[in-house]
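Residue-level structure breakdown
Spelled out from the first residue to the last, the chains are:
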Amino acid sequence: MVDSGVALARVVASFPLKGTIISVEPYGDGHINRTYLVLTDQCRYILQKMNTNVFPDAAGLMRNIELVTSYLQDKGEETLDIVPTNDGATYFKDPTGSWRVYAFIEHTISYNLVPDASVLCDAGAAFGHFQNVLAAFDASQLSETIAHFHDAPSRFRDFQSAVSDDSRHRVESCRSEIDFYMAHTEWYPLIMKGLALGSIPLRVTHNDTKLNNILMDATTHEARAIIDLDTIMPGSLLFDFGDSIRSGASTALEDEQDLDKVHFSSELFEAYARGYLRELKPSITDKELALLPESAILMTLECGMRFLADYLCGDTYFAVDYPQHNLVRCRTQIKLIQEMEDRLTASHRIIDEVMEELQ
Ligand code: ADP
Ligand code: GN1
Ligand code: MG
């Protein structure tokens, strides 16, 4: 579904944008919000129709982003810059939806697929640094934008309901994928149990650390800004590490249909871990360190299960380009998980070696 030109013109006119509007075009590859690039004769902006199906409390969400971005700006970090509406609000609401505008972060590029290991090492360092900077942020100010976001046992219960409801009669088309997630139940409590017991510390985490949520400098390829701050909430560092490996240490796109091209790359895993641990070595706990390889498996399980549940429910959550899209995404995740499981011991060795190297 696209927004009409008339609706977009009215929305854009509600923000004090510099210059005359030249175009408003769909932009980027996010699965959640509807993102547009607004080009004027003076500069560019990002316009987003917030997904209020996913984030019902747009006001709370924008308040979080305002708090986090001003905190980051005070610390001298490059971050999202909210452009307030003509009335000074953080977003604009009309019958078509809830809309926000960010300054376009110029001369950057975001990757869906990592071009080489050094880029992933920089991404790891950037997310590690982000974690460090947020360590002093008072999380009690934040509202929970999505409840139970990385609660894998709760995700599994949703998945089981999607299977038993079978509302779109799709279960028969994905029996083996369903069986795969049913056979991995022992994994799901791993992080939530640690958080509940206190053996894994609760921190302020990004919670959506996939590769295209980081903007790299277009010339130097170094990380510039971490974006998509919609899910910053209390969580585990393992959520963030695991999700970055899920998306960054794959040799193919998340929706690659040819599974022969999809591999978990130990080289990329090592590169990300090296950058991440360079930043976090002083503050990561032994327990967190010991679970880094497992976190990649768990976060890939969780994401694949979410894709499959959405496929079974008729694709109401993630944006899709074709009817099997979520199933295709779920299959790439399964392939990655299988290879991560096969190489779990090697991944632990890599973490040990990286830590030794950093001594
Ligand atoms: P979603 O929640 O749907 O993933 P994002 O906020 O991640 O939406 O935005 C989608 C894409 O738009 C990003 O991956 C990035 O490429 C681009 N993008 C978002 N905000 C900016 C910005 N301020 N400057 C430049 N590019 C941006
Ligand atoms: C979504 O918003 P985006 O496209 O950066 C999703 C993540 C998934 C990811 C899978 C709020 O991320 O949790 O891991 O898709 N974000 C939300 O690609 O659900
Ligand atoms: Mg995104």
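Above: the structure in question.
Residues numbered from 1 in each chain as written. Chains lettered and ligands numbered in written order. Predicted model: local features only at pLDDT ≥ 70, side-chain atom pairs only at ≥ 80, totals over all residues. Heavy atoms only, no water.

Quick word on the coordination of the magnesium ion (ligand 3)
Surrounding the magnesium ion (ligand 3) are the protein donor atoms Asn213 (OD1) and Asp228 (OD), which sit 2.1 to 2.2 Å from the metal. Within this pair, whereas Asn213 is found in the loop between strand 7 (203-205) and strand 8 (214-217), its partner Asp228 is found in the loop between strand 9 (223-226) and strand 10 (233-235), the two being separated by 15 residues in sequence. Residue classification places Asn213 among the buried residues on the basis of a relative accessible area of 5%. Classification of Asp228 by relative accessible area gives partly exposed; the value is 23%. (Donors = N, O, S within 2.8 Å, 3.2 Å for Na, K, Ca; no water. Helix = DSSP H or I, 4+ residues; strand = E, 2+ residues; numbered from the N terminus. Buried < 20%, exposed > 50% of the residue type's maximum accessible area, 1.4 Å probe, protein only.)

Considerations on empty space enclosed by the protein
Per the counting criterion, the structure on display carries 1 cavity of 30 Å³ or more. If you add up the space inside the largest cavity, you get close to 30 Å³. Lining the largest cavity are Phe264, Phe269, Pro293, Ala296, Ile297, Met340, Leu344 and Ser347. Going through the elements one at a time, helix 10 (292-313) and helix 12 (344-357) are the ones with two or more residues in the lining of the largest cavity. A total of 3 residues in the lining of the largest cavity trace back to one element, the largest contributor, which is helix 10. For the lining of the largest cavity, the class distribution of residues is 7 nonpolar, 1 polar and no charged. (1 Å grid on protein atoms, 1.4 Å probe; cavity = no way out; pocket = protein on both sides within 12 Å on 5 of 7 lines; lining within 4 Å. Points joined across faces, edges and corners; volume = space filled by probe spheres on them. Nonpolar A, V, L, I, M, F, W, Y, C, P; charged D, E, K, R; others polar.)

Describing the sheet that holds strand 6 (residues 108-109)
Read across the open sheet, the 3 strands follow the order 6-8-9; overall the sheet is antiparallel. Taken across any chain shown, the strands that pair with only one partner, and hence form the sheet edges, are strand 6 and strand 9. (Pairing = 2+ DSSP bridges.)

What is shown is where atoms sit, not what they do.
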